[in-house]
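# Survey of secondary and tertiary structure
Spelled out from the first residue to the last, the chains are:
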Amino acid sequence: MAEIVFVTNMEPHYVGMRDALNTMENKEISDAVEVIQINDSEQWNGYWQQKLQYADFFFCTWMGTGLSCDYLKKASAFLQQKKLRHLFDIIDPGDDKMDYGLQEEQKSLLKQYLACGGLKNYQNLCLYLVDAFTQYQTAYNLPQQLPWCGLYHPEFKHEFVELDAYLAKHYDSSKPTVGFIFSREDWLWQRLAYQNEIIKAVESQNCNVIAVFSTTMPNEQTGAVSLDTAFERFFYQDGKPCIDVLINPFVFSLTVTGFLKLQDLQQLGVPVLQVVNTYMPYKWWQQSMVGLTPNEVSYAVCMPEFDGALHSVPVSTNEEREDGTHYRMPLADRIDMLARKARKLASLRYKKPCDKKIAIVFHNYPPTNSNIGSAASLDSIESVRLLLEEMQKQGSPLLYQFRFTPPR
């Protein structure tokens with residue numbers, strides 16, 4: 001029976017610990033740690049009571065609020081009653097008791113390994129667990145601080161810490177530039193299938209790419225940076241934006257979640273293309289009449305509209321391996337469409353107003369002639385007239401073409 005029992009409802013933690021143990025040369029160490037993934041429906045029973053009673057240490061990481069399910073409540077009560085060493089690392093612990101028998105330095109160190117992330121830190125987490133809580137003595141390294149944000153390109157093995165160094169090697173001033181921001185976790189674990197395809201597709205459209213991985217919220221204890229720090233560091237040069245369009249895969253809303261302030265996006269002043277990583281497999285997505293689930297439409301399409309991201313493109317599906325874990329499969333044709341749209345939007349910034357074509361579409365619902373351009377408490381026709389006047393002042397020629405498409 002394993003001396004260390006690690007339980008989680010987060011697949012990244014499960015996969016990270018499993019991969020770390022699989023790389024251990026010492027089988028005694030890898031056999032000393034058991035990694036288990038469960039969910040909220042797990043029930044406390046005799047199997048768990050026996051497993052935890054004879055473990056030297058129980059470590060549980062959980063995405064949720066406090067001891068929110070039957071398993072967590074009863075496991076905690078059992079461990080506290082038996083005075084067994086344990087730690088529940090829960091994102092929002094509330095007022096529940098989360099540990100027993102650990103020093104504050106030990107709890108902090110365990111959380112730092114997970115927060116810093118990456119294979120090496122997970123390997124050393126396993127080594128530390130074995131050294132600190134079992135009879136085995138083994139060497140381990142303290143958590144390694146890896147970059148919290150940085151530049152990425154699939155052609156380069158190392159990270160370019162500063163923007164100037166990257167631009168000197170991978171930038172053509174005659175081309176438009178596309179910015180691309182994505183999660184640090186994907187960079188840490190090299191889960192970069194769809195990111196690599198986006199970079200490749202954008203470059204095939206004769207554009208520069210500045211791809212940036214980053215955390216989203218600052219953390220004083222770990223050193224994690226906010227998303228606006230990554231923006232300032234890599235999307236600006238000499239105080240001015242150096243990208244012409246932004247591709248963003250973060251769901252919900254960058255402003256509502258507090259990852260960015262509205263003025264951060266306004267100051268950047270570029271179109272934002274939202275991309276969607278679906279949670280369904282390709283077969284389901286291909287056969288579905290809607291393509292996205294209602295939940296995906298809500299958090300990956302509708303909510304980003306609060307940031308002004310009015311166009312969303314699915315770029316990957318969620319596929320399951322034989323062992324039950326998941327991976328991202330890029331959607332090549334959609335990524336190609338995304339790249340072409342990014343190039344067109346980026347190129348618009350270099351066109352004179354007189355060379356741009358603007359389409360104004362009137363809403364028509366329910367589909368009758370009397371509802372064309374209807375809006376609550378607004379005069380749509382007069383609003384468009386004022387818009388055209390302002391466009392003319394800024395250099396746009398007033399060439400009107402009215403087209404009526406009757407409802408089908």
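Report on the accompanying structure.

The next subject is the pairing of strand 7 (residues 177-183). Burial of strand 7 is extensive: six of the seven residues sit out of reach of the surface. Relative to strand 8 (residues 208-214), strand 7 runs parallel, the two sharing seven bridges. Of the residues in strand 8, the one forming a bridge with Phe 182 is Phe 213. As paired strands, strand 7 and strand 11 (residues 245-248) are joined by three bridges and run parallel to one another. Paired with Val 178 across the bridge in strand 11 is Val 245.

A few words now on the sheet that holds strand 2 (residues 33-37). Read from one edge of the open sheet, five strands run 2-1-3-4-5, paired in mixed fashion. At either end of the open sheet lies a strand with only one pairing partner, and these are strand 2 and strand 5 (99-100). As judged from the five bridges shared by strand 1 (residues 4-8) and strand 2, these two strands associate in the parallel manner. For Phe 6, the partnering residue across the bridge sits in strand 2 and is Val 35. Running at roughly 135 degrees to strand 3 (residues 57-65), helix 6 (residues 119-133) makes contact with strand 1, strand 2 and strand 3 of the sheet.

Following the criterion strictly, the structure yields 19 aromatic pairs and no others. Measuring from ring centre to ring centre gives 5.3 Å for Tyr 47 and Trp 48, while their planes differ by 75 degrees; the resulting arrangement is edge-to-face. The class of Tyr 47 is partly exposed, set by a relative accessible area of 47%. According to the relative accessible area criterion, Trp 48 is buried, its value standing at 2%. Ring geometry for Phe 58 and Phe 88: centres 5.6 Å apart, planes at 65 degrees, overall edge-to-face. Within this pair, whereas Phe 58 is found in strand 3, its partner Phe 88 is found in strand 4 (residues 86-92), the two being separated by 30 residues in sequence. Residue classification places Phe 58 among the buried positions, given a relative accessible area of 1%. Phe 88 gets classed as buried once you look at its relative accessible area, which sits at 2%. Put simply, the rings of Phe 6, Phe 57, Phe 59, Tyr 113, Tyr 128, Phe 133 and Tyr 140 touch in pairs and so form one group of aromatic residues.

The next subject is the sheet that holds strand 7. The strands making up a sheet are joined through hydrogen bonds of the backbone, oriented either antiparallel or parallel. Within the open sheet, the seven strands sit side by side as 6-8-7-11-12-13-14. Their pairing is mixed. Only two strands of the sheet have a single neighbouring strand rather than two, namely strand 6 (149-152) and strand 14 (326-330). Across the sheet, the axes of successive neighbouring strands diverge by a mean angle of 25 degrees, strand direction being ignored. With four bridges connecting them, strand 12 (residues 272-277) and strand 13 (residues 312-320) associate as parallel partners. By the bridge assignment for strand 13, Val 276 is matched with Pro 314. Each of strand 7, strand 11, strand 12, strand 13 and strand 14 touches helix 14 (residues 332-348); the most contacted strand, strand 13, lies at about 155 degrees to it.

About the thresholds
Residues numbered from 1 in each chain as written. Predicted model: local features only at pLDDT ≥ 70, side-chain atom pairs only at ≥ 80, totals over all residues. Heavy atoms only, no water. Buried < 20%, exposed > 50% of the residue type's maximum accessible area, 1.4 Å probe, protein only. Helix = DSSP H or I, 4+ residues; strand = E, 2+ residues; numbered from the N terminus. Pairing = 2+ DSSP bridges. Contact = heavy atoms within 4.5 Å. Axes fitted to C-alpha atoms, helices over the stretch in contact; angles between N-to-C directions. Phe/Tyr/Trp six-rings, centres within 6.5 Å; stacked < 30°, edge-to-face > 60°.

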